[in-house]
Amino acid sequence: MVHVLVFFLLVSALASPLKKRKSLKEIKEINCEGPYIGLVTVFPPEETAFLATGAFKPHKTHPFVDLSGRRFRVGKIVDKKVIYVRCGDGMVNAAAATQQMLDLFDIKGIVHFGIAGNVNDSLSIGDVTIPKQFAHTGIWSWLNPSAPSIPDAVAHLDVARYNVPKGEGANLLGSFAYHSEQFFSELGKPNTARPLVWAQTSQQWLDLAANLEGMELQQCVNSSLCLPKKPKLVVGLRGSSANIFVDNAAYRDFLIRNFGVSSVDMESAAVVMTSLSNGFPVVVIRGLSDMAGGQSGENAIQIFGSLAAQNAVKVVVQFIKTLP
Ligand SMILES: *[C@@H]1O[C@H](CO)[C@@H](O)[C@H](O)[C@H]1NC(C)=O
Ligand SMILES: *[C@@H]1O[C@H](CO)[C@@H](O)[C@H](O)[C@H]1NC(C)=O
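Predicted, not measured: the structure shown is a model, and the values here were computed from it.

About the criteria used
- Residues numbered from 1 in each chain as written.
- Chains lettered and ligands numbered in written order.
- Predicted model: local features only at pLDDT ≥ 70, side-chain atom pairs only at ≥ 80, totals over all residues.
- Heavy atoms only, no water.
- Near = heavy atom within 4 Å.
- Polar contact = N/O pair within 3.5 Å; in protein donor to acceptor, adjacent residues only side chain to side chain.
- Areas by Shrake-Rupley, 256 points an atom, 1.4 Å probe, with all protein chains shown as cover.
- Nonpolar A, V, L, I, M, F, W, Y, C, P; charged D, E, K, R; others polar.
- Phe/Tyr/Trp six-rings, centres within 6.5 Å; stacked < 30°, edge-to-face > 60°.
- Helix = DSSP H or I, 4+ residues; strand = E, 2+ residues; numbered from the N terminus.
- Buried < 20%, exposed > 50% of the residue type's maximum accessible area, 1.4 Å probe, protein only.
- Lys NZ or Arg CZ within 6 Å of the ring centre and 35° of its normal.
- Salt bridge = Lys/Arg side-chain N within 4 Å of Asp/Glu carboxyl O.
- Pairing = 2+ DSSP bridges.

**Comments concerning the site of ligand 1**
Thought 1: All residues in the neighbourhood of ligand 1 are listed as N120, S122, L123, V234, L237, G260 and S262.
Thought 2: Take N120: an N or O atom from its side chain is 2.3 Å from an oxygen atom of ligand 1.
Thought 3: Across the complex, the protein chains shield 53% of the 360 Å² of accessible surface that ligand 1 would expose by itself.
Thought 4: Split by residue class, the shell around ligand 1 holds three nonpolar, four polar and no charged.

**What about the site of ligand 2?**
Thought 1: Around ligand 2, the structure places V221, N222, S223, S224 and L225.
Thought 2: N222 has a polar side-chain atom sitting 2.3 Å from an oxygen atom of ligand 2.
Thought 3: In this structure, a nitrogen atom belonging to ligand 2 sits 3.1 Å away from a side-chain N or O atom of S224.
Thought 4: About the coverage of ligand 2: the protein hides 39% of its 370 Å² of free accessible area.
Thought 5: Broken down by class, the residue content of the shell around ligand 2 amounts to two nonpolar, three polar and no charged.

**Some words on the packing of aromatic side chains**
In this description, an aromatic ring pair is defined by two values, namely the gap between the centres and the angle between the planes.
Thought 1: Applying the stated criterion across every chain yields a total of eight aromatic pairs.
Thought 2: Centroid distance Y251 to F254: 5.6 Å. Interplanar angle 10°. Geometry classified as stacked. Taken together, the positions of Y251 and F254, both in helix α5 (residues 249-259) and three residues apart, correspond to about one turn of that helix.
Thought 3: Both rings, one in F254 and one in F259, keep their centres 6.5 Å apart while their planes meet at 65°; by these two values the pair is edge-to-face.
Thought 4: Residue class for F254 comes out partly exposed when judged on its relative accessible area of 24%.
Thought 5: Pairwise contacts between aromatic rings join F50, F56, Y84 and F113 into one cluster.
Thought 6: Across the ring face of F64, the terminal group of R71 is positioned such that the distance to the ring centre comes to 3.7 Å.
Thought 7: A cation sits over an aromatic face here: R238 above W198, 4.0 Å from the ring centre.

**Thoughts on unusual backbone geometry**
Glycine aside, residues mostly have negative phi, and peptide bonds are mostly found in the trans state.
Thought 1: The residue after G34, namely P35, is reached through a cis peptide bond having omega 5°.
Thought 2: Position of P35 among the secondary structure elements: in the loop between α1 (2-32) and β1 (36-41).
Thought 3: In the Ramachandran plot, S68 falls in the positive-phi region, its phi being about 50° despite a non-glycine side chain.
Thought 4: Locating S68 in the fold gives a position in the loop between β3 (64-67) and β4 (70-77).
Thought 5: We classify S68 as exposed; its relative accessible area is 57%.
Thought 6: For A292, which is not glycine, the phi torsion reads 55° and is therefore positive.

**Focus on the pattern of salt bridges**
Thought 1: Counted according to the given criterion, the structure contains 11 salt bridges.
Thought 2: Where K22 meets E26, a salt bridge forms, and the shortest distance between an N and an O atom there is 3.7 Å. Within this pair, K22 and its partner E26 are both found in helix α1, separated by four residues, close to a single helical turn.
Thought 3: The exposure class of E26 is buried, given its relative accessible area of 19%.
Thought 4: Two residues, E267 and R286, come together in a salt bridge whose shortest N-O distance is 3.0 Å. In this pair, E267 sits in the loop between β16 (263-265) and α6 (268-277) while R286 sits in strand β17 (residues 282-290), placing the two residues 19 residues apart along the sequence.

**Quick look at the pairing of β17**
A regular strand carries its side chains on alternate faces of the sheet.
Thought 1: Here β17 lies mainly inside the structure; nine of its nine residues are buried.
Thought 2: Bridging between strand β6 (residues 107-118) and β17 involves eight bridges; their strand directions are parallel. Within the sheet, the bridge partner assigned to F113 lies in β17 and is I285.
Thought 3: Summarising the sheet, strand β7 (residues 128-130) and β17 pair through two bridges and their orientation is antiparallel. Its bridge partner lying in β17, T129 is registered against R286.

Take a look at the structure:
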């Protein structure tokens with residue numbers, strides 16, 4: 001009985017390294033046909049929009065490799081070889097999947113895409129932004145006061161009613177201090193981080209992307225629901241990322257005033273910083289799905305998320321076609 005148990009323990013302990021070894025063998029063969037453009041999305045609606053275009057043609061013998069629970073899909077967009085992965089929500093997933101992509105595959109650069117919250121009143125839902133730089137703006141969740149609370153939250157702190165000592169002066173919650181990132185780089189001194197607030201996307205790729213401004217984007221979700229204005233592509237603004245879904249007007253204003261950003265998301269800064277650390281070009285293409293709390297009433301992500309994802313994907317496919 002003890003032997004059987006030990007056997008099963010051994011088998012389960014070995015299972016994942018064996019799986020990984022098999023994947024690494026496949027990756028070697030895949031890399032023989034490289035280099036590839038690395039594509040990173042975040043969550044299923046973005047992947048659905050990407051695959052639905054039909055632009056991605058899977059590789060005949062190695063259509064995908066599974067690593068650390070994620071599926072890296074190998075294929076082509078027109079004549080460009082690509083490897084695509086959906087990383088999952090948030091900064092940790094974004095950095096982990098990007099690092100793995102760059103470490104294991106023969107990659108030329110990273111194209112990160114998906115949807116984002118709009119924090120620039122000159123932009124509209126449905127527009128696509130290709131920012132020149134990203135800041136990582138923290139690890140907080142600031143809730144919309146008029147929305148119901150998040151049911152699976154671990155704890156709630158009611159800031160609005162928190163006033164201690166009662167009546168006078170500032171309450172004891174005080175203020176938050178925003179810090180820079182610690183940026184490690186291939187190009188810097190080993191084992192020495194430098195502070196970084198703005199992670200820059202690659203100028204060469206921004207210049208290429210700028211040629212796409214004015215391209216046709218989708219205006220309608222379906223036959224009865226259209227945006228009031230034709231969506232547009234804008235290149236060269238600022239974005240921010242944090243492990244926060246922003247649906248709060250006051251925090252939206254804070255980000256605009258203090259960081260001058262036009263979009264908020266939960267991954268881009270991590271993908272950009274990881275790419276830069278490793279010395280690879282990177283560009284971010286995000287479709288605006290909602291007003292991040294700047295709206296009156298409900299957040300529009302449920303209604304316009306798919307349209308925003310489709311517009312982002314449209315730009316991605318055009319961008320990849322124009323790569324030299
Ligand atoms: C908001 O978007 C408009 C239109 O693209 C742009 O001109 C403006 O600079 C943006 N605002 C900020 C703070 O970047
Ligand atoms: C169009 O989409 C909206 C939002 O998802 C939905 O409420 C509506 O029923 C749809 N209309 C049609 C004709 O499919």
